[in-house]
Protein chains: 2
Amino acid sequence: MNSIITISRQYGSGGREIGEKLAKRLGVPFYDNELITRAAKESGFAEAAFENAEKKATNSLLYSIAMGMNAYGNQDIGFTHLSLDDQIYLAQSNVIRKVAMEGPCVIVGRCADYVLRDMDNVVNIFVWADLDYRRERAINHYHLQENKAEDSILKIDKRRANYYNYHASEKWGRAENYHLSIKSNYVGIDGAVQCIIHFLENGERR
Amino acid sequence: MNSIITISRQYGSGGREIGEKLAKRLGVPFYDNELITRAAKESGFAEAAFENAEKKATNSLLYSIAMGMNAYGNQDIGFTHLSLDDQIYLAQSNVIRKVAMEGPCVIVGRCADYVLRDMDNVVNIFVWADLDYRRERAINHYHLQENKAEDSILKIDKRRANYYNYHASEKWGRAENYHLSIKSNYVGIDGAVQCIIHFLENGERR
């Protein structure tokens, strides 16, 4: 397997678990919070600031205004004048590029598909699932309160979409952004891992 | 294989060919223009009118106005007062439901995923590909003129999107509408067929 695999996922769809199992099956490194930690250390930013980056992008217009940019996210000021959030995004992007250069791996979230868009051997995966399935996972795996789970899922997904739409200037969840999009509750976590491996094998054989 | 498989596809992505090969591999009927013919015969409409239905939906608002509906596509007039296009859509939908009730099959296009949304054993697939790949296929398989191919591809896709967005009130090409979305030029036509079968096997085993 020679590919860098990025995984974007709806909250509660099992995308992270799929990524982890996939990395294990392929024998390649897996990056998620680990990536954040590494980026934080290398750039000198506090880890907490990194963890908040996604949460702050409430919507791209408001976010742009807050960042002192125009509605299209353009800014022509120097790096030192970038907001903390944007500096974090740039630092994360550098780390993503660095680990991708080191060889095959699995990277979950953080717009990695967009960051690595100019590399040839990148395969982008999107994982989604029915809301009921995600609700159950959110309660059982992430211990969300039953009566608040649905609301939290929708809010977290909205944040992820806004973060992606703002930084990547693309629409999160559009089939066209990904080599493969999978409904995880149809095939299950292990089934999804299986399908991705099968897809990669078919793709790399060509 | 117990599923009804619907395939939505970008023009030139090979989605139709994938559907046909898939049906052959699974030993189930394949519906595309055949479906149109059947619907035409049963409802008494001319085949030509059916073939034009997709082309006329230039955009949902204009289309609604032309149909005498409001911007949301609501209409509370009787069937006999429906536009020809809407009558055709309803007739097509009836045929899609009928063939789906007859057993496992592959249906390409015609909003079949939306028409069959209440059935349990439906698996929806989306096939897309890079523009260069589609351009080459359009020229070699559908004999489009080289200098006009790209323009035609984009126009046909816009029509398909409008047709879907209008009739299905959903966004065409959103990963969430499909169990599986595949980039055909990564795995190839036969690779895509292979992946879909693998996906179905994993899903039905659960």
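What this report covers is the structure whose coordinates are included nearby. (Residues numbered from 1 in each chain as written. Chains lettered and ligands numbered in written order. Predicted model: local features only at pLDDT ≥ 70, side-chain atom pairs only at ≥ 80, totals over all residues. Heavy atoms only, no water.)

**Details of the overall build of chain A**
- Check the secondary structure of chain A and you find nine helices and five strands.
- Beginning at the N terminus, the succession of helices and strands in chain A can be written as β-α-β-α-α-α-α-β-α-β-α-α-β-α.
- For chain A, buried positions account for 54% of its 206 residues.
- Sequence separation of 24 or more characterises 70% of the internal contacts of chain A that already satisfy a separation of 6 or more. (Helix = DSSP H or I, 4+ residues; strand = E, 2+ residues; numbered from the N terminus. Buried < 20%, exposed > 50% of the residue type's maximum accessible area, 1.4 Å probe, protein only. Contact = heavy atoms within 4.5 Å.)

**Some details on the relation of the copies chain B and chain A**
- Between chain B and chain A, which share one sequence, the superposing operator has a rotation angle of 180° and an axial displacement of 0.0 Å; the RMSD is 0.0 Å. Given the turn and translation reported, the copies of this chain are related as if by a two-fold rotation axis.
- Take the interface residues of chain B: 100% of them recur as interface residues in chain A, which is what a same-surface contact looks like. (Least-squares fit on C-alpha atoms with pLDDT ≥ 70 in both.)

**With respect to the pairing of strand S4 (residues 122–128) of chain B**
All names here are of chain B.
- For S4, the buried fraction is high: seven of the seven residues fall into the buried class.
- Neither face of S4 is open: one carries Val-122, Asn-124, Phe-126 and Trp-128, the other Val-123, Ile-125 and Val-127, and all of them are buried.
- Relative to S4, strand S1 (residues 4–9) runs parallel, the two sharing six bridges. Note on S4: the bridge partner recorded for Ile-7 is Ile-125.
- Where S4 meets strand S5 (residues 180–183), four bridges bridge the pair, whose relative direction is parallel. Looking at the pairing, Phe-126 lines up with Ser-181 of S5. (Pairing = 2+ DSSP bridges.)

**Details of unusual backbone geometry**
Residue and element names in this part refer to chain A.
- The phi dihedral of Cys-111 is positive, around 55°, even though this residue is not glycine.
- Structurally, Cys-111 is set in the loop between strand S3 (105–108) and helix H6 (112–115).
- Its relative accessible area of 4% is what places Cys-111 among the buried residues.

**A short note on helix H9 (residues 184–204) of chain B**
- Between the first and last C-alpha of H9(B) there are merely 23 Å, a value that for 21 residues lags more than 12% behind the 30 Å anticipated at 1.5 Å per step.
- The largest bend along H9(B) reaches roughly 80° and is located at B:Asp190. (Expected span 1.5 Å × (residues − 1). Bend = angle between axes of the 7 residues up to and from the residue.)

**Quick word on the pattern of salt bridges**
- On inspection of all chains with the given rule, the structure shows 18 salt bridges over all chains.
- Between A:Lys21 and A:Asp190 there is a salt bridge whose closest N-O contact spans 3.0 Å. Residue A:Lys21 is located in helix H1 (residues 15–26), and its partner A:Asp190 is located in helix H9 (residues 184–204); the two are separated by 169 residues in the primary sequence.
- With a relative accessible area of 33%, A:Lys21 lands in the partly exposed category.
- Of the charged contacts, one joins B:Glu176 and B:Arg174 as a salt bridge, the two residues approaching to 2.5 Å between their closest N and O atoms.
- Classification of B:Glu176 by relative accessible area gives partly exposed; the value is 32%.
- Salt bridges here are not isolated pairs; linked through shared partners, they connect A:Glu17, A:Lys21, A:Arg137 and A:Asp190. (Salt bridge = Lys/Arg side-chain N within 4 Å of Asp/Glu carboxyl O.)

**Describing the interface of chain B and chain A**
- Facing 29 residues of chain B, the contacting portion of chain A comprises 29 residues.
- Buried area between chain B and chain A, both sides added, is near 2500 Å², and the carbon and sulfur share of it is 60%.
- Inspection of the chain B/chain A interface yields zero salt bridges.
- Across the chain B-chain A interface, the total number found is eleven residue pairs in polar contact (both at pLDDT 80 or more).
- The element contributing the most residues to the side of chain B that touches chain A is H9(B), with 13 residues.
- With three bridges connecting them, strand S5 (residues 180–183) of chain A and S5(B) associate as antiparallel partners. The partner of A:Ser181 across the bridge, within S5(B), is B:Ser181. (Buried area = accessible area lost by both parts, 1.4 Å probe. Polar contact = N/O pair within 3.5 Å; in protein donor to acceptor, adjacent residues only side chain to side chain.)

**Description of the packing of helix H7 (residues 131–141) of chain A against helix H8 (residues 149–168) of chain A**
Residue and element names in this part refer to chain A.
- One way to put it is that H7 packs onto H8 with a least axis distance of 9 Å and a crossing angle of 105°. Considering their axes alone, H7 and H8 lie roughly perpendicular with respect to each other. Residues Leu-131, Arg-134, Arg-135, Ala-138 and Ile-139 of H7 form the contact with H8, whose participating residues are Ala-149, Glu-150, Ile-153, Leu-154 and Asp-157. (Axes fitted to C-alpha atoms, helices over the stretch in contact; angles between N-to-C directions. Parallel < 35°, antiparallel > 145°, perpendicular 65-115°, else oblique.)

**Details of helix H7 (residues 131–141) of chain B**
Residue and element names in this part refer to chain B.
- Taken residue by residue, H7 has Arg-134, Arg-137, Ala-138 and Ile-139 as its buried positions.
- Considering only its buried residues, H7 is in contact with helix H1 (15–26), helix H8 (149–168) and H9.
- Directly after H7, the chain includes His-143, whose backbone phi takes a positive value near 55°.

**Focus: the environment of B:Asn94**
All names here are of chain B.
- Following the sequence through the fold, Asn-94 ends up in helix H5 (residues 84–102).
- Taking the relative accessible area as the measure of exposure, Asn-94 reaches 46% and is therefore partly exposed.
- Taking C-alpha positions, Asn-94 is 8.7 Å from Val-115, a pair spaced 21 residues apart along the chain.
- Polar contacts involving the side chain of Asn-94 include one to the side chain of Arg-97, which spans 3.1 Å.

**Digging into the sheet that holds strand S2 (residues 30–31) of chain A**
- In space, the ten strands of this open sheet follow the order S2(A)-S3(A)-S1(A)-S4(A)-S5(A)-S5(B)-S4(B)-S1(B)-S3(B)-S2(B), with mixed pairing throughout. Two strands bound the open sheet, and with one partner strand each, they are S2 of chain A together with strand S2 (30–31) of chain B.
- Docked against the sheet, H5(B) engages S1, S2 and strand S3 (105–108) of chain B, running at close to 160° with respect to S3(B).

**Topic: the packing of H1(A) against H9(A)**
Residue and element names in this part refer to chain A.
- One can describe the packing of H1 onto H9 by two numbers: an axis separation of 10 Å at closest approach and a directional angle of 35°. Where H1 crosses over H9, the handedness of that crossing is right-handed. Across from Glu-17, Ile-18, Lys-21, Leu-22, Arg-25 and Leu-26 in H1, the residues of H9 making contact are Ser-184, Ile-189, Asp-190, Ala-192, Val-193, Gln-194, Ile-196, Ile-197 and Leu-200.
- Residues belonging to the contact of H1 with H9 are distributed by class as follows: nine nonpolar, two polar and four charged. (Left-handed = near helix turned anticlockwise from the far one by under 90°. Nonpolar A, V, L, I, M, F, W, Y, C, P; charged D, E, K, R; others polar.)

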